[in-house]
Amino acid sequence: MSRIRVAVAATVAALGIAVEARAVDSAAVVMYHRFGDNRYASTNIRLDQFEEHIRELKSGPYKVLPLPEIVAALKEGRALPDRTVAITIDDAFATVYREGWPRLRKAGLPFTFFVATDHLDSGSPEHVTWAQLREMVAGGGVTVGHHAASHASLAQEGPERAKAEIEKANGRFRTELGQVPELFSYPYGETGQAVTQVVRDSGFKAAFGQHSGAFDGKPEWFYLPRFALNETYGTLDRFRQAVNSVALPVADITPVDPLIVGANPPPIGFSVGPVAASLDSLRCFASHEGSVGLIRLGESRVEVRLRKPLPPGRSRLNCTLPAGEGRWHWFGRQYYVPTR
C-alpha cells in the first residue's frame with residue numbers, strides 16, 4: 001500500500017467515516033466442473049444457471065480477468081479493479097468442451113481449466129482429449145492449470161504420492177502442450193502441510209483449494225479459496241454473493257495444517273486485520289454443525305468453538321463479516337480428516 005493510501009485510510013479512521021468496501025486488493029474465484037450433465041448434481045451446473053451467471057458477469061460491475069493475471073497483480077502489490085473475478089473449471093469433463101467453453105468464448109470471458117492428465121489419456125468420452133484441449137488454448141482466453149495426474153486425494157495419500165503425481169503430469173504436459181502449467185489446484189480441494197510443501201517446491205506460483213472465500217494472497221499462496229458452484233449452490237443470488245465478496249484480512253490461522261490428525265475438534269482461530277465493520281458482526285458456520293460459537297481475544301483475535309468433532313473426509317468453515325453495500329468479507333477453510 002502506498003504512503004498516500006495509508007494516510008487517507010488513517011484520516012478516514014480518525015474521522016470515523018464509513019467507507020464502502022473496495023476489492024482493490026482481493027479477488028473472487030468461482031469454480032465449475034460439469035455443464036448440463038444432470039447425472040451428477042453435486043458437480044454439475046445447469047445450463048440455464050450457467051447462462052444466468054454469464055449474463056450477470058457481462059452486465060454487472062465486474063472485471064473478469066485471467067487467473068494468472070490476478071495472481072501476478074496481487075503478488076506484485078498492484079491494485080485490481082473493484083469486483084475482480086476469475087473463472088476456473090476442474091477435472092477435464094467433456095461437457096466443458098461441448099457446453100462450457102463455447103458459451104464462455106462467445107461471451108469473451110477467460111478461464112483457467114485445471115486438468116488431471118490421466119483423464120485426458122484415458123480415451124473416455126467422459127473427458128476432453130488432448131487435441132480438444134489444444135484447440136481450446138489456441139482459441140484464446142483459456143489457461144491450462146495443473147490438477148495432478150490421477151485425481152487422487154493427495155491429503156489422504158501423502159507427500160510422496162503427491163510428488164509422483166505432479167512429476168507424472170509434468171511429463172504429459174510437456175509432451176502434449178510443450179510446457180507445465182504454473183497454477184495448481186488440489187483434487188477435491190484436499191491438502192495438508194506436507195502436500196502443500198511439495199506443491200510449493202515443485203515451482204508453482206500458487207495453488208487453489210475448494211473452500212469458499214475471496215482472496216488477497218495473505219497469509220498463504222498455496223491454499224487459496226474458490227467458490228464451488230453446482231446445481232444447489234449455483235442460484236443467481238448465491239452467485240452474486242460470491243462474485244461480490246471481499247477478502248477478510250486474516251493472519252495467524254490455527255490449525256496451520258488443514259489435515260486433521262490430532263485433536264478433533266481442532267482449536268480453530270485467526271486474527272483479523274483492519275476492517276470497517278465491528279467484529280461483533282462476524283458469523284461463522286461449520287458444514288457439520290451449522291452456526292458455531294466465537295470467542296474474542298483482544299481487539300482482533302477470534303477463536304472458533306466447535307461442539308462436534310470433524311467427520312472423516314472433508315469439512316468446511318465459512319466466516320463472513322458485512323463489507324457494505326450488501327457485500328461480505330469472506331474467509332473460508334476446508335479441513336480433511338483421513339478416512340483410513
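A brief look at the structure comes next. (Residues numbered from 1 in each chain as written. Predicted model: local features only at pLDDT ≥ 70, side-chain atom pairs only at ≥ 80, totals over all residues. Heavy atoms only, no water.)

## Some remarks on the overall build of the protein chain
If you tally the helices and strands in the protein chain, you get 10 helices and 19 strands. Taking 2.2 N^0.38 as the reference for a compact globule, 340 residues should give roughly 20 Å; the C-alpha atoms of the protein chain span a radius of gyration of 20 Å, in line with that estimate. Its C-alpha atoms give the protein chain principal-axis dimensions of roughly 60 × 45 × 40 Å. Residues classed as buried in the protein chain amount to 51% of the 340 residues present. For the protein chain, the proportion of contacts with a sequence separation of at least 24, taken over those separated by at least 6, is 64%. Just so you have it, the protein chain exposes about 14,900 Å², and 53% of that area is on carbon and sulfur atoms. (Helix = DSSP H or I, 4+ residues; strand = E, 2+ residues; numbered from the N terminus. Rg over C-alpha atoms; globule rule 2.2 N^0.38 Å. Buried < 20%, exposed > 50% of the residue type's maximum accessible area, 1.4 Å probe, protein only. Contact = heavy atoms within 4.5 Å. Areas by Shrake-Rupley, 256 points an atom, 1.4 Å probe, with all protein chains shown as cover.)

## Brief notes about the sheet that holds strand β17 (residues 301–305)
Taken in spatial order, the four strands make up an open sheet running β12-β13-β17-β16, and their pairing is antiparallel. Of all strands in the sheet, those with a lone pairing partner are β12 (250–254) and β16 (293–297), marking the two edges. Looking at each pair of strands side by side, their axes are set apart by 20° on average, direction ignored. Note that strand β13 (residues 268–272) and β17 share four bridges and pair antiparallel. Paired with Gly-269 across the bridge in β17 is Glu-303. (Pairing = 2+ DSSP bridges. Axes fitted to C-alpha atoms, helices over the stretch in contact; angles between N-to-C directions.)

## Focus: the pattern of salt bridges
On inspection of all chains with the given rule, the structure shows 26 salt bridges. Across the salt bridge formed by Arg-161 and Glu-165, the nearest N and O atoms sit 2.9 Å from each other. Here Arg-161 and its partner Glu-165 are both found in helix α8 (residues 159–177), four residues apart, which amounts to about one turn of the helix. You can call Arg-161 partly exposed: its relative accessible area is 32%. A relative accessible area of 7% places Glu-165 in the buried class. Each of Arg-34, Asp-37, Arg-39 and Glu-126 takes part in a single network of salt bridges with overlapping partners. (Salt bridge = Lys/Arg side-chain N within 4 Å of Asp/Glu carboxyl O.)

## Structural notes on the sheet that holds strand β11 (residues 246–247)
Pairing within the open sheet is mixed, and its five strands lie in the order β11-β19-β18-β14-β15. Edge positions in the open sheet fall to β11 and β15 (290–291), since each of these has one partner strand only. Where β11 lies against strand β19 (residues 327–337), two bridges are found, and the strand directions are parallel. Residue Val-246 lies in a different strand from β19, and its bridge partner there is His-329.

## Considering the pairing of β16
Bridging between β16 and β17 involves five bridges; their strand directions are antiparallel. Note that in β17 the partner of Leu-294 across the bridge is Val-304. In sequence, β16 turns back onto β17 through a hairpin of three residues, with Gly-298 there showing a positive phi of about 70°.

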